[in-house]
Amino acid sequence: MSHSMTFSQAINDALSTAMHIDKNVICYGLGTPDPKGIFGTSLGLQEKFGPERVFDMPCSENGMTGIAIGASLNGIRPVMTHQRLDFFLLAMDQLINNAANWKYMFGGNGGSVPITIRLIIGRGWGQGPTHSQSLHSWFAHVPGLKVVSPTTAKDAKGLLLSSIFDDDPVLFLEHRWLHNHTEEVPEGDFRLPLGKASLLREGSDLSVVSMSYMTVEAIHAIDYLHKECNVNCDLIDLRSINPIDWKTIVDSVRKTGRLLVLDTGWETLSVAGEIIARCATECFDSFKCPPVRMALQDCPTPTSCALTKNYYKEAADVGQAIAKMLNIEISLEPLKQLRGINHDVPGDWFKGPF
Amino acid sequence: MTVDKKTALELYSKMLLIRFCEESIAARYHSEKKMRCPTHLSTGQEAVPAAAGQALRSDDFVVSTHRSHGHYLGKGGDLNRMIAEIHGKKSGCSRGWGGSMHLIDRSVGFVGSTAIVAGTIPVGVGLGLSIKLKKTDQVSCVFLGDAATEEGVFYESVNFAVVKQLPVLFICENNLYSVYSHLKVRQPEGRSIASMVQGMGCSAVSGNGNDVAESYEKISTAVASIRNGNGPVFLEFATYRWREHCGPDFDNHIGYRSEEEFKEWKKKDPVEAFENKLLLDNVIDKSMIDELKSMTQALVDNAFELADRDEFPDFYDNSVFKEVIR
Ligand SMILES: Cc1ncc(C[n+]2csc(CCOP(=O)(O)OP(=O)(O)O)c2C)c(N)n1
Ligand SMILES: [Mg+2]
């Protein structure tokens with residue numbers, strides 16, 4: 001059985017399912033039981049599972065991360081949520097010095113740290129420098145952390161359940177613009193393996209590797225190019241940023257010889273750069289043209305909507321990059337029109353300001 | 001009347017400016033859709049910012065939070081540049097790069113407000129350290145909300161300010177909420193923030209943050225003591241935000257607080273209370289009030305008009321960023 005639901009309902013469903021299966025799963029974070037329920041993702045959980053297992057917290061991100069670690073060492077599986085990734089930056093000490101290293105620094109005798117940290121990446125309506133940072137590459141850089149970043153509602157549920165029951169610390173990244181994505185989501189204890197990418201489109205002309213919200217823009221571009229000039233691309237949605245599904249990526253590049261990597265973060269030292277480096281070392285001979293990474297230019301997010309317009313990469317940019325790599329001429333006007341005048345909101349469902 | 005007439009009028013004018021500015025933003029936010037950034041209004045909390053702005057000198061430093069319009073205006077920050085900033089326009093005080101949550105006007109000592117809770121507390125203490133090193137008699141004032149006292153960096157910063165006896169004034173506006181979370185789910189019931197800070201060795205006083213005269217007196221006393229080299233002071237003022245945490249609407253119906261509670265606090269409207277007091281004490285008459293109000297509204301309306309006519313900043317260009325950062 002499955003039900004049509006939004007990404008945020010799928011998160012809610014996964015949390016509820018996990019708490020049903022295992023009484024050791026607890027959920028907390030600023031605003032978790034409040035009337036908005038973290039964009040709907042935690043609505044009703046406190047009513048269902050009680051205030052001992054679902055609770056609000058003080059504005060103490062670093063301490064509450066260490067507290068999650070401590071509880072997890074004694075069998076609790078905490079799921080902690082932050083309405084913006086940026087707020088969690090106060091907790092880098094506990095995350096990296098403790099959570100990531102715990103298993104290693106006691107020679108494997110210290111037990112594991114099965115915590116899940118949900119981080120929401122903001123975009124649009126002037127989120128600006130401190131409410132929209134997409135720092136998955138930081139987390140993915142650190143050995144001992146897993147980093148998961150679903151694009152679709154079904155993946156969100158399957159991957160969140162696997163993250164919660166994984167024995168390592170997992171950063172679970174949710175792009176704010178995906179919360180309304182709707183599809184059929186399986187009922188019950190539905191899990192997807194961590195570390196496995198998904199192939200959303202298949203083709204032999206070019207490999208597009210993408211993540212999180214950029215995959216939505218990629219789908220528009222790839223479908224348009226297919227319709228207009230019969231270009232066929234592989235579209236690999238990473239889903240997991242650490243570990244990365246290298247086999248799927250390398251196999252695809254061996255097949256197509258062309259690689260475009262899309263990243264929601266900044267360009268320099270990006271995950272996109274790492275993917276290109278890895279492919280260059282593993283299948284250099286397959287490349288028919290230089291690989292391309294498409295990420296944000298290396299500067300903080302501006303607030304003014306006049307400035308974000310050229311800051312973020314959209315379907316038309318993806319289409320243009322693909323066309324250039326394949327040496328084809330095509331009008332991208334229809335792709336440019338996709339977003340309409342209000343480029344700084346994901347759709348009518350998004351009622352600013354947050 | 002405990003404050004002199006001139007001061008009283010200035011306090012009243014500052015409160016009016018903050019109130020009219022915030023309420024004009026609220027009235028236009030959804031209908032115009034031109035202020036496209038998260039915006040935290042200070043309506044209901046005008047007294048403390050007005051009092052602090054009045055008690056501090058313009059060469060004293062202020063740092064603030066996500067809810068900083070009042071602090072900025074109280075300190076004398078440029079109204080037009082703030083409204084332009086919220087509109088993402090070129091003449092904005094942060095060039096449109098920062099928005100409502102990132103205000104600055106260094107010409108009046110407003111060093112900056114940022115959006116990460118407690119983020120500017122150590123910065124304000126660092127400004128205090130610089131004042132001590134440079135041996136001037138300035139004061140560094142740190143605005144914070146009740147929730148900021150839950151962050152580790154708050155304790156680290158207060159501790160250092162006490163150890164080094166720095167010229168820092170901490171002003172905590174306790175409005176009972178952090179977004180939709182009441183104080184009681186975040187801090188032990190019955191423990192006052194001020195007495196906790198007192199326990200850290202910092203002189204601490206609490207007061208009624210909806211009474212602008214009382215706030216002014218308490219802040220002035222603290223500022224004088226700090227200027228005299230007696231070390232940091234922490235002030236906790238009880239107050240209440242009227243509108244939703246972020247955005248222009250009222251949200252008492254969604255269930256995190258009651259309409260009754262809101263109404264109780266609305267009865268303690270800091271602007272109206274002071275206005276009545278001024279009338280009663282014959283400091284001001286009805287016609288002067290009307291005149292002040294229409295003058296203030298005209299200033300605010302003009303700021304919106306200027307912001308609307310102003311250009312947007314140039315399309316984002318990395319070289320511009322590098323030029324500023326270098
Ligand atoms: C480190 C951090 N955590 C969480 C947030 C989200 N947030 C923004 S404002 C706010 C409420 C802060 O409450 P308080 O300090 O009492 O100030 P008030 O909004 O009441 O003026 C929160 C939790 C944030 N910006 N930064
Ligand atoms: Mg508060």
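### Regarding the domain arrangement of chain A
All names here are of chain A.
Part 1: Each assigned domain of chain A is listed with its residue range as follows: domain 1 (2–186) and domain 2 (198–338).
Part 2: Taking only C-alpha atoms, the centre of domain 1 and the centre of domain 2 are 27 Å apart.
Part 3: Across the contact, 25 residues belong to domain 1 and 25 residues belong to domain 2.
Part 4: When domain 1 packs against domain 2, the two sides together hide about 2,000 Å² of surface, and 56% of this comes from carbon and sulfur.
Part 5: At the surface where domain 1 touches domain 2, the tally comes to one salt bridge.
Part 6: For D155, the salt bridge goes to R239, with nearest N and O atoms at 3.1 Å.

### Remarks on the interface of chain A and chain B
Accessible area lost upon the coming together of the parts serves often as the stated size of an interface.
Part 1: Taken together, the contacts link 37 residues of chain A with 35 residues of chain B.
Part 2: Carbon and sulfur atoms make up 64% of the surface buried where chain A meets chain B, a total of about 3,100 Å² over both sides.
Part 3: Looking at the side of chain A facing chain B, the largest losses of area belong to C59(A), W125(A) and L307(A), adding up to 20% of the total buried there.
Part 4: Our enumeration of links across chain A and chain B arrives at one salt bridge.
Part 5: The closest approach of N and O atoms between D344(A) and R36(B), which form a salt bridge, is 2.8 Å.
Part 6: Among the elements that take part in the side of chain A that touches chain B, helix α11 (residues 305–311) of chain A stands out by supplying six residues, more than any other.
Part 7: Across the side of chain A that touches chain B, the residue classes tally to 17 nonpolar, 12 polar and eight charged.

### Considerations on the environment of F284(A)
Part 1: Inspection of the secondary structure assignment puts F284(A) in the loop between α10 (271–283) and β14 (292–296).
Part 2: Sequence separation between F284(A) and R254(A) is 30 residues, and the spatial gap between their C-alpha atoms is 9.0 Å.

### Regarding the nonpolar core
One broad trend across soluble globular proteins is that nonpolar side chains are buried collectively.
All names here are of chain B.
Part 1: Ranked by size, the top nonpolar core spans 65 residues in total, and within it Y12, I25, I83, L169, I171, I219 and F274 carry the most contacts.
Part 2: Ranked by the residues each element gives to this core, the list is headed by helix α1 (residues 5–32), at 13 residues.
Part 3: Ignoring any residue separated from it by four or fewer positions in sequence, one finds I25 in contact with M35, T39, L41, H69, I83, I86 and F304.

### Quick word on the packing of helix α9 (residues 246–256) of chain A against α10(A)
Residue and element names in this part refer to chain A.
Part 1: Packing of α9 against α10 leaves a shortest axis separation of 10 Å and a crossing angle of 65°. Pair α9 / α10 crosses with right-handed handedness. Across the interface between the two elements, W246, I249, V250, V253 and R254 of α9 pack against E274, I275, R278, C279, E282 and C283 of α10.
Part 2: Tallied by class, residues from the contact of α9 with α10 come to seven nonpolar, no polar and four charged.

### Overview of the packing of aromatic side chains
Residue and element names in this part refer to chain B.
Part 1: Under the criterion given, the structure shown has 16 aromatic pairs over all chains.
Part 2: Taken together, a centroid distance of 5.2 Å and an interplanar angle of 5° make the contact between Y240 and W265 stacked. With Y240 in the loop between β8 (233–238) and α9 (259–267) and W265 in helix α9, this residue pair connects regions lying 25 residues apart in the sequence.
Part 3: Of the aromatic side chains, those joined through ring pairs into one cluster are Y177, Y180, Y240, Y256 and W265.
Part 4: Cation over ring: R19 sits above W242, and NZ or CZ is 4.5 Å from the ring centre.
Part 5: For R28, the ring lying beneath its charged end belongs to F304, and the centroid distance is 4.1 Å.

### Section: the coordination of the magnesium ion (ligand 2)
Residue and element names in this part refer to chain B.
Part 1: Ligation of the magnesium ion (ligand 2) by protein atoms is provided by D146 (OD), N175 (OD1) and Y177 (O), these donors lying 2.1 Å from the ion.
Part 2: Donor residues for the magnesium ion (ligand 2) sit on one chain with the sequence pattern D-x28-N-x1-Y. Within this pair, whereas D146 is found in the loop between β3 (140–145) and α6 (152–163), its partner Y177 is found in strand β5 (residues 177–178), the two being separated by 31 residues in sequence. Of the two residues examined, D146 and Y177, each falls in the buried class.

### Regarding the site of ligand 1
Part 1: Around ligand 1, the surrounding shell holds 20 residues, and the nearest of these are E61(A), H66(B), R67(B), D146(B) and N175(B).
Part 2: At the site occupied by ligand 1, nearby residues are drawn from chains A and B.
Part 3: Residue D146(B) places a side-chain N or O atom 2.8 Å away from an oxygen atom belonging to ligand 1.
Part 4: In the model, an oxygen atom of ligand 1 is placed 3.1 Å from a nitrogen or oxygen of the A147(B) main chain.

What counts, and at which threshold
Residues numbered from 1 in each chain as written. Chains lettered and ligands numbered in written order. Predicted model: local features only at pLDDT ≥ 70, side-chain atom pairs only at ≥ 80, totals over all residues. Heavy atoms only, no water. Domains from an automatic or database assignment. Contact = heavy atoms within 4.5 Å. Buried area = accessible area lost by both parts, 1.4 Å probe. Salt bridge = Lys/Arg side-chain N within 4 Å of Asp/Glu carboxyl O. Helix = DSSP H or I, 4+ residues; strand = E, 2+ residues; numbered from the N terminus. Nonpolar A, V, L, I, M, F, W, Y, C, P; charged D, E, K, R; others polar. Core = buried A, V, L, I, M, F, W, Y, C linked by side-chain atoms within 4.5 Å. Buried < 20%, exposed > 50% of the residue type's maximum accessible area, 1.4 Å probe, protein only. Axes fitted to C-alpha atoms, helices over the stretch in contact; angles between N-to-C directions. Left-handed = near helix turned anticlockwise from the far one by under 90°. Phe/Tyr/Trp six-rings, centres within 6.5 Å; stacked < 30°, edge-to-face > 60°. Lys NZ or Arg CZ within 6 Å of the ring centre and 35° of its normal. Donors = N, O, S within 2.8 Å, 3.2 Å for Na, K, Ca; no water. Near = heavy atom within 4 Å. Polar contact = N/O pair within 3.5 Å; in protein donor to acceptor, adjacent residues only side chain to side chain.

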